[in-house]
Structure formats: structure tokens, C-alpha cells
Amino acid sequence: MQVILFEDVKSLGKKGDIVKVSDGYARNFILKKKLGAEATAKNLNDLKLKRQNEDKVAAENLANAQKLASEISGKSVALSIKAGSDGRAFGSVSTKDISVAAKEQLGFDLDKKKMHLDEPIKSVGIFTVTIKLHPSVSAELKVVVEQE
């Protein structure tokens, strides 16, 4: 019997795969636990439509990420921190601070977890922060750190 899997099944296949299994295994395990459905013409058509919809949504997400990346690139955010006379900060600038400043100054709602700092910002100057907007799209944001 051919079965369309709704979830990943260990040693059988991934979600969305069409696999051939014995009738007993399908009835007693796959169908009973709602891990899949029999591969009828209707179910195959539903799977095809679902995949097309997922592809369309993924393409829209990619386009939105590319648009946001083009808007972010070339922009900068200014932050002020307390620092000593030598320019070293008493604390550090975190991705949370950068996210809040981007929201206030630029109007972009950026996730702090998607920002990548090579090393903590502990001095005054201009730094570049990489923001991962999509698995294949990244943007660079300049952070200008000034002394209070």
C-alpha cells in the first residue's frame, strides 16, 4: 500500500513523502496514529496543491526578506554609552540595544536573535552588524557608538 506521510517517521521517510509499506503496517501503525494517509488520487492532488502553496509562500518570504535587506543596507543606527576618557565603555552594547534603537530610529522591527556580532561592542566607534533575515538573505547594519 502506498502512503503519504504527514510527519517524519523514523527509518521510513520525511513529511510529504510517498512511501510503499505493507498493508498491516499502514493500517495498524501509520493510519491509526494519523502519521499518514492512503495515497489515493484525491490525497495526491491535495499534497500537490499543498506543496505549490508552500512554494508560493516561501517565494514571498524570500522576496520580503530581500526587500527588507535592500532597505536596511546603507542605513545606520546611533547609540550612546558611558565611556571613560580612553573611549572604552563601562558596559557593552548588546543586540537588544541595537534592536530597540533600530525600531526607534529607522522603524524596522528586527529580531535581536538574528543579529550577529563578531565580538561584543565595548568601545566608541562604527561597527557593522550582520542580520540574518532569511536562510539565504543577510543584511548589514552600521552601528555608530558615541560617548555620552
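Refer to the preceding data block for the structure.
Residues numbered from 1 in each chain as written. Predicted model: local features only at pLDDT ≥ 70, side-chain atom pairs only at ≥ 80, totals over all residues. Heavy atoms only, no water.

Trainee: What should I look at first to understand the pairing of strand S4 (residues 76–81) in this one?
Mentor: Regular strands place side chains that alternate from one sheet face to the opposite one. The two faces of S4 differ: Val77, Leu79 and Ile81 on one face are buried, but Ser76, Ala78 and Ser80 on the other face are not. Sheet analysis places S4 next to strand S9 (residues 137–147), joined by six bridges and oriented parallel. Bridge pairing links Ser80 to Glu146 in S9. (Buried < 20%, exposed > 50% of the residue type's maximum accessible area, 1.4 Å probe, protein only. Helix = DSSP H or I, 4+ residues; strand = E, 2+ residues; numbered from the N terminus. Pairing = 2+ DSSP bridges.)

Trainee: Which parts of the structure should I look at to understand the side chain of Thr95?
Mentor: Position of Thr95 among the secondary structure elements: in helix H3 (residues 95–105). By relative accessible area, Thr95 is classed as buried at 18%. When neighbours within four sequence positions are excluded, Thr95 is seen to be in contact with Lys112, Met115 and Leu117. (Contact = heavy atoms within 4.5 Å.)

Trainee: Got a minute to help me understand the side chain of Ser99 in this structure?
Mentor: Within the secondary structure, Ser99 sits in helix H3. Judged by its relative accessible area of 13%, Ser99 falls in the buried class. Apart from the residues lying within four places of it in its own chain, the contact partners of Ser99 are Leu110, Lys112 and Met115.

Trainee: Which parts of the structure should I look at to understand the pairing of S9?
Mentor: One ladder, built from nine bridges, connects strand S8 (residues 125–134) with S9; its direction is antiparallel. The residue bridging Thr130 from the neighbouring strand is Glu140, located in S9. Linking S8 to S9, which pair antiparallel, is a turn of two residues.

Trainee: Can you walk me through the pattern of salt bridges in this structure?
Mentor: Pairing between side chains of opposite charge can happen when their charged atoms approach one another. Tallied over the entire structure, the rule returns one salt bridge. For Asp46, the salt bridge goes to Lys42, with nearest N and O atoms at 2.9 Å. One end of the pair, Asp46, and the other, Lys42, are both in helix H2 (residues 41–72), four residues apart, so they sit about a helical turn from each other. A relative accessible area of 36% places Asp46 in the partly exposed class. (Salt bridge = Lys/Arg side-chain N within 4 Å of Asp/Glu carboxyl O.)

Trainee: Got a minute to help me understand the sheet that holds S4 in this structure?
Mentor: Hydrogen bonds between backbone groups are what pair the strands of a sheet, and the pairing can be parallel or antiparallel. Ordered in space as S4-S9-S8-S6, the four strands form an open sheet in which the pairing is mixed. At either margin of the open sheet sits one strand with a lone partner, and together these are S4 and strand S6 (115–116). As paired strands, S6 and S8 are joined by two bridges and run antiparallel to one another. The residue bridging Met115 from the neighbouring strand is Ile131, located in S8. Lying on the sheet, H2 is in contact with S8 and S9; it crosses S9 at an angle near 30°. (Axes fitted to C-alpha atoms, helices over the stretch in contact; angles between N-to-C directions.)

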